[in-house]
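# Structure at a glance
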Amino acid sequence: MTDSPTRPGGFIFFLQVLSISLIWVLVVSVITWILNLISLSHYLHDAQNATLAISLVVLPIFTLLASVLTYVFVGLRKHQE
Amino acid sequence: MMEDLRKDPDYTLFRPILESDRRFYWAVAFLGAVVLWALALYIRQLIYGLGVTGLNRTVTWGFYIINFVFFIGVSHAGTLISAILRLSQAEWRRPITRMAEVITAIVLAIGGLHPIIDLGRPDRVLNVFYYGRLQSPLLWDVTAISLYFTASTVYLYVPMIPDIALLRDRTTKFKKFYTWLSWGYVGTERQKHILERAMTILMVVVIPVAVSVHTVISYIFSMTLQSGWHSTIFGPYFVTGAIFSGTATLLVVMIFFRKFYHLENYLKEIHFRYLSVLLLVFALLWGYFTFSEYLTGIYGNEPMEMRVIRFKISGAYAPYFWMMVICNFVIPVIILSFKKLKRIPGILIASISVIIGMWLERLIIIVPSLSNPRLPVVSEPYVPSLTEWSLFAGGVAAFCLMFLLFSKLFPLISIWEIKEGRAEGLEAVHQRLESYLPDTPAVQEGV
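Predicted, not measured: the structure shown is a model, and the values here were computed from it.

Another point: the overall build of chain A. Helices and strands together make up the secondary structure of chain A, namely 2 helices and 0 strands. In terms of C-alpha radius of gyration, chain A reaches 18 Å, well past the compact-globule figure of 12 Å for 81 residues. Each of the three principal axes of chain A carries a C-alpha extent, and together these read 60 × 20 × 10 Å. Out of the 81 residues in chain A, the part that is buried amounts to 38%. Long-range pairs, those at least 24 residues apart, make up 61% of the contacts in chain A between residues at least 6 apart in sequence.

Here it is in structure tokens:
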């Protein structure tokens, strides 16, 4: 892989891949945490509606944000010519 | 490379990144010292516990939660103003949006730390993840603020990519850093299209997220049966206050950096006039919501509610209450209603007055209700300690410091948007105007 400023290789490329991976790690962690809260509210029969309502808002938006970033990152690298 | 850059008509926007004068280092040293002082007192609080604060048995939320609500409120103007102006294609937005977005990201990070400071034992914040339950409005807050912080950081970063690529190609400083963050952007049509599409999605997402976050913040008060807090209009009241204080902060930041970095050619009087109209509208809206809030309470005449209202209006907190009304309503409405006063110095005075007034509003909402609990217990007056004052000063200094450091790494005004405005803005506005206006009879007849 070349190491030009517009198409970097080596360490910078590694940092870029790491950035996308970390964004997805964050989103997967949030999703896991919220799913755990939903199962807990279901198990305790406690505020299930509120839990589901909040989860329905939060989960898609976090996923959307990570998807937009991935789309931007991959798209910018791919369409340089 | 540098000579080439100096010939750029927008070199003024690159200059803060490339050159630093003595004033910058003095400002960083002073702000850094305040932050370090606050950090030292926070470490002292960690060692001795919350006993070093003025918090007591009934007033368990003091300065830290006031500052939390205040800072999160300030964060609202940024992303919201930027997203609304971009969506509505307001051409005058171009020099403003970046500063607005930076305010949001920095202030959110600072505001979000305050509940952890208030915990006394910061390690206990992990209990939110271990034992959290979504039935609690406090957990809604954690979720909403995390979401808003992620959304606003992404919304700050994506429109910044063309400018980062510009810095990568045209400067010699931090080359690797800019290469990392620019993701190989070279400005091809396809890349521009990708960024435009991403920005449109983010604009649409960020507006409801921003509105919902401050509504959720209001829920930590209004979901309780505490006198003075249990109100159905707290959601919109908090959102209005948030945009109000955020707009005022944006104006102060714009006026300061205009002077500090000589941006007079970019931040013109007209930008301040347009934004000050928004400030005036929100001053009136704030007045309306405050009037409604107290009128319904007084009309209901519920004894405990009246005790809190009297405590605010004519009791121990009356000076703060009336000061709040003067700062949030009287001063901005007088200054911003008259064309002669609506100049940059007048707008600065009105904005500073609103920032002080909105901080007092958070104080007025939180402390009097806690000082007058429903339970028959003796309440001690709340007097903030040196630790609380210092951490407040530290928060403000951290905001200024982070903003200054940001300005050394990235342009405070979006360079690519200015260049795009010059190249395409006039024609785009002309085309839009033609599409809005009714056709002339000649055009209708197909002549």
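Where the parts come together, the accessible area they lose is often given as the size of the interface. If you look at the interface, chain B gives 38 residues, while chain A gives 36 residues. Joining chain B to chain A, the criterion identifies 1 salt bridge. As a salt-bridge pair, Arg133(B) and Asp46(A) come within 2.2 Å of each other at their nearest N and O atoms. Remark: the boundary between chain B and chain A carries 6 residue pairs in polar contact (both at pLDDT 80 or more). Taken together, the elements giving at least two residues each to the side of chain B that touches chain A come down to α6 (127-131), α7 (137-157), α8 (161-170), α9 (175-182) and α10 (189-222) of chain B. Per-class residue counts for the side of chain B that touches chain A are 23 nonpolar, 10 polar and 5 charged.

Another point: the environment of Ser435(B). Residue and element names in this part refer to chain B. Among the secondary structure elements, Ser435 is positioned in helix α17 (residues 415-436). Take Ser435: its relative accessible area is 55%, and that puts it in the exposed class. Within the local environment of Ser435, its side chain forms a polar contact with the backbone oxygen of Arg432, the two atoms lying 2.6 Å apart.

This paragraph deals with a nonpolar patch on the surface. On the surface, Leu36(B), Leu39(B), Ile43(B), Leu46(B), Ile47(B) and Tyr48(B) cluster together into a nonpolar patch covering about 640 Å² of accessible area. With respect to the secondary-structure elements, Ile43(B) resides in helix α3 (residues 22-48).

The subject of this paragraph is the confidence of the model for chain B. For chain B, per-residue confidence averages 90 on the pLDDT scale, and residues scoring 70 or more make up 99% of the total. As scored by the predictor, the complex reaches a pTM of 0.92 and an ipTM of 0.89.

Looking now at the packing of α10(B) against helix α11 (residues 234-260) of chain B. A pair of packed helices is characterised by two quantities: the angle between their axes and the separation of those axes. Residues and elements named next belong to chain B. Contact geometry for α10 and α11: axes closest at 8 Å, N-to-C directions at 125 degrees. Considering their axes alone, α10 and α11 lie oblique with respect to each other. The two elements α10 and α11 cross, and the hand of that crossing is right-handed. Facing α10, whose interface residues are Val211, His214, Thr215, Ile217, Ser218, Phe221 and Ser222, α11 presents Phe234, Gly235, Phe238, Val239 and Ala242. Across the contact of α10 with α11, the residue classes break down as 7 nonpolar, 5 polar and no charged.

Criteria and thresholds
Residues numbered from 1 in each chain as written. Chains lettered and ligands numbered in written order. Predicted model: local features only at pLDDT ≥ 70, side-chain atom pairs only at ≥ 80, totals over all residues. Heavy atoms only, no water. Helix = DSSP H or I, 4+ residues; strand = E, 2+ residues; numbered from the N terminus. Rg over C-alpha atoms; globule rule 2.2 N^0.38 Å. Buried < 20%, exposed > 50% of the residue type's maximum accessible area, 1.4 Å probe, protein only. Contact = heavy atoms within 4.5 Å. Salt bridge = Lys/Arg side-chain N within 4 Å of Asp/Glu carboxyl O. Polar contact = N/O pair within 3.5 Å; in protein donor to acceptor, adjacent residues only side chain to side chain. Nonpolar A, V, L, I, M, F, W, Y, C, P; charged D, E, K, R; others polar. Patch = residues over 30% accessible without salt bridge, like charges linked within 9 Å, V, L, I, M, F, W, Y side chains within 5 Å. Areas by Shrake-Rupley, 256 points an atom, 1.4 Å probe, with all protein chains shown as cover. pLDDT = per-residue confidence, 0-100. Axes fitted to C-alpha atoms, helices over the stretch in contact; angles between N-to-C directions. Parallel < 35°, antiparallel > 145°, perpendicular 65-115°, else oblique. Left-handed = near helix turned anticlockwise from the far one by under 90°.

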